[in-house]
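# Architecture and fold: a report
The primary structure of each chain is shown beneath.
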Amino acid sequence: MAYTGSQVATASELPATLKEPYQPALAKFCRADPPLTLEELAELKSLLISKDALNIAKAKVKDASGKPTGTFSASAANAEGDHTESSMFGSWFRDNALIAYGLYVCDPDGPGADDAVSCIASIADFLLSSQTFKMERVICGLDDVKGPEETWMKRPHIRFLGATGKEDPKWYNHKQNDALGYFLFTRCTLALSGKMPMSGDHLKLCGQLFDYLRAIESWNDLDGGHWEEHSAQHASSIGPPLAAVRLFRKLCDAKRWLAPCKVDTIDVLERELKTALNKVLPNEIITPAELERDSDAALIFLCYPLDVVSDEQGLQILDRLKKVYGHIGVCRYRKDSYWCRDYGSKYSDPTKHFTDAELKERDAQLVLGEEAQWCLFDPMVSAYYGKLYQKTKKPEYLKCQQLFLSRSLAAITGDDCKYGPWLCCEAYYIEDDKWVSNPDTPLVWTQADLPMALHEMKNSLAI
């Protein structure tokens, strides 16, 4: 469904188009060139704060007494409700680790960093209290978790009930090595910074996680990827563990620690993960061949914040992402059927999790070009262009940084959104021939990504 509204920039001039923002008050900031001034950036941030656009406090998971437990639900409360009865109320490792990273990076000495520490501590507590035995059984060869769907629940769970710190007993695809990698990456980041020194039990947990990732041969494991879907070898699932291994090695070297895992696990993981990643990139999937995917928005996280690809690989990923840029946001990948046309009315439970066989049935309903357009990627593309500009001082990178920051702002909900105005969405999809926000709004992951884009823009403008 082609966009028919006005566009500020066209794809022939830039990597992606830029539409008029849903919120008119953001129009003055939405442009490809010239970049914002530091004064405009401060004004923009103040405006977003005043409108509660960046407020993730509503998504803090609380226990029965009303005390925050540390993690965040995937989606915060909106005008329609608080998602309590949906799976969006769960605590995902992936979302929370990236949210925690963003909170720390953008506020390293303030309450944001404190929230990051609490978040990562909550995930670690869950792993230590109920998941370590699962990893040990796999490490010792007692459990095979690489088989059919029923074996996937034997893997360490990457989503749990944050309010209680317990497992969710419902079947779920826990074949998500990237989620474990993101947790390890952020835990090591906080340890290296001194914000969250590594305790003995956390150090042991990290070693066990690395031994587990080795035992399942995570470099060629057919997991569910970022999107918890098709079983394949995903580049976006190889990158996070590789980034984590490198940080963990750096931490152990700095502290002169022996890594609490098999003597060669860190070496094996770094070598095998790097080899596999270089083989797959700039694709997302090459194995199995029937699921081959040459462009996936999840790959932007390998560029930023993981910094696990070379500049050449990063530029190749950016070039491939041109295939998935939409007029509002970014498709996760082409032929993605999640939140395709009229998805909310087709499925009584929009948060339903699909087996591989069910995914084939769902994918058959998609009309190419009607994929949902997601809002969590534009901020990361902007941030990565910022890193490239800060390194090279090439003006074309600053221009693209500004463009994708503008796209991020333009997608913030307007006053006519039924979930409320000034919200950072998960995605827009077609419902009754109109592009609308899906119910998972605001998405806390998007809310955490936007401040990172603002942070990197400030760094670029300060040069």
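Residues numbered from 1 in each chain as written. Predicted model: local features only at pLDDT ≥ 70, side-chain atom pairs only at ≥ 80, totals over all residues. Heavy atoms only, no water.

Tallied over the entire structure, the rule returns three cavities of 30 Å³ or more. Here the second largest cavity defines a volume of roughly 70 Å³. (1 Å grid on protein atoms, 1.4 Å probe; cavity = no way out; pocket = protein on both sides within 12 Å on 5 of 7 lines; lining within 4 Å. Points joined across faces, edges and corners; volume = space filled by probe spheres on them.)

Now for the packing of aromatic side chains. This structure, assessed with the given rule, holds 21 aromatic pairs. Each ring, one from W227 and one from F377, has its centre 5.7 Å from the other, and the planes form 85 degrees; the classification is edge-to-face. In this pair, W227 sits in the loop between helix 6 (200-215) and helix 7 (235-255) while F377 sits in the loop between strand 8 (373-374) and helix 13 (378-392), placing the two residues 150 residues apart along the sequence. With respect to class, W227 is no different from F377; both count as buried. An angle of 40 degrees between the planes, with centres 4.6 Å apart, marks the rings of Y343 and Y347 as tilted. Against the face of Y22 rests K19, its NZ or CZ located 3.4 Å from the ring centre. (Phe/Tyr/Trp six-rings, centres within 6.5 Å; stacked < 30°, edge-to-face > 60°. Helix = DSSP H or I, 4+ residues; strand = E, 2+ residues; numbered from the N terminus. Buried < 20%, exposed > 50% of the residue type's maximum accessible area, 1.4 Å probe, protein only. Lys NZ or Arg CZ within 6 Å of the ring centre and 35° of its normal.)

Next up on the list: the pairing of strand 10 (residues 434-437). Side chains of strand 10 alternate between two faces, with W435 and S437 buried and K434 and V436 left unburied. With four bridges connecting them, strand 9 (residues 427-431) and strand 10 associate as antiparallel partners. For Y429, the partnering residue across the bridge sits in strand 10 and is V436. A loop of two residues connects strand 9 with strand 10, the two strands running antiparallel in sequence, and D432 in this loop sits at a positive phi of about 55 degrees. (Pairing = 2+ DSSP bridges.)

Moving on to the sheet that holds strand 7 (residues 166-167). Pairing is antiparallel in the open sheet, where three strands are placed in the order 5-6-7. One side of each edge strand has no neighbouring strand; the edge strands of this open sheet are strand 5 (91-92) and strand 7. Relative to strand 6 (residues 159-161), strand 5 runs antiparallel, the two sharing two bridges. Of the residues in strand 6, the one forming a bridge with S91 is F160.

Another point: the sheet that holds strand 8. The strand order across the open sheet built from three strands is 8-9-10, with neighbouring strands paired in antiparallel fashion. If you trace the sheet from one side to the other, it starts and ends with strand 8 and strand 10, each paired once. Here strand 8 runs beside strand 9; their pairing, made up of two bridges, is antiparallel. Bridging across to strand 9, W374 finds its partner in A427.

Turning our eyes to something else, we now look at the side chain of Q402. Tracing the chain through its elements places Q402 in helix 14 (residues 395-410). A polar contact of 3.1 Å, which involves the side chain of Q402, links it to the backbone nitrogen of L36. (Polar contact = N/O pair within 3.5 Å; in protein donor to acceptor, adjacent residues only side chain to side chain.)

Moving on: the confidence of the model for the protein. Considering every residue of the protein, the mean pLDDT works out to 93; 94% of them sit at 70 or more. Predicted confidence is poor over residues 1-7, with pLDDT under 50, and the contacts of this stretch with residues over four places away or in other chains come to 14 contacts. (pLDDT = per-residue confidence, 0-100. Contact = heavy atoms within 4.5 Å.)

Its location among the elements puts L306 in the loop between helix 9 (300-303) and helix 10 (311-321). L306 sits in the buried class, given a relative accessible area of 5%. Taking the C-alpha atoms as reference points, L306 and L409, separated by 103 residues in sequence, lie 23 Å from one another. Look past the residues within four positions of L306 in its chain and what remains in contact with it is Y182, F185, G239, P240, A243 and F301.

Another point: the packing of helix 5 (residues 177-193) against helix 7. Remark: helix 5 packs on helix 7, axes separated minimally by 8 Å, with the N-to-C direction vectors making an angle of 25 degrees. As the angle between them shows, helix 5 and helix 7 are arranged roughly parallel. The element helix 5 and its partner helix 7 pack so that their crossing is left-handed. Residues N177, D178, G181, Y182, L184, F185, C188, T189, A191 and L192 of helix 5 lie in contact with helix 7, whose contacting residues are S236, S237, P240, P241, A243, A244, L247, F248, K250 and L251. Residue composition of the contact of helix 5 with helix 7, grouped by class: 13 nonpolar, five polar and two charged. (Axes fitted to C-alpha atoms, helices over the stretch in contact; angles between N-to-C directions. Parallel < 35°, antiparallel > 145°, perpendicular 65-115°, else oblique. Left-handed = near helix turned anticlockwise from the far one by under 90°. Nonpolar A, V, L, I, M, F, W, Y, C, P; charged D, E, K, R; others polar.)

So, about the pattern of salt bridges. Evaluation of the coordinates by the stated rule reveals 28 salt bridges. Between D319 and K322 there is a salt bridge, with its nearest N and O atoms 3.3 Å apart. Given the relative accessible area of 45%, K322 is considered partly exposed. What emerges from the salt-bridge pattern is a single network uniting E229, R332, D336 and R362. (Salt bridge = Lys/Arg side-chain N within 4 Å of Asp/Glu carboxyl O.)

Right, let's get into the pairing of strand 4 (residues 68-72). Strand direction decides the pairing type here: strand 3 (residues 60-62) and strand 4, joined by two bridges, are antiparallel. Paired with K62 across the two strands is P68, which belongs to strand 4. Hairpin geometry of strand 3 and strand 4 is characterised by an intervening segment of five residues between the two adjacent antiparallel strands and by a positive phi of about 90 degrees at G66.

Further remarks concern the environment of C140. Structurally, the position occupied by C140 is in the loop between helix 4 (132-139) and strand 6. A residue is classified by how much of its surface remains accessible, and C140, at 54% relative accessible area, is exposed. With 126 residues separating them in the primary sequence, C140 and L14 have C-alpha atoms 52 Å apart.

A few words now on the packing of helix 3 (residues 111-130) against helix 6. Packing of helix 3 against helix 6 brings their axes to within 11 Å, and their N-to-C directions diverge by 70 degrees. When the interaxial angle is binned, helix 3 and helix 6 end up roughly perpendicular. The residues of helix 6 that touch helix 3, namely those facing A124, L127 and L128, are D201, H202, L205 and L209. Each residue belonging to the contact of helix 3 with helix 6 can be placed in one class, and the counts come to five nonpolar, one polar and one charged.

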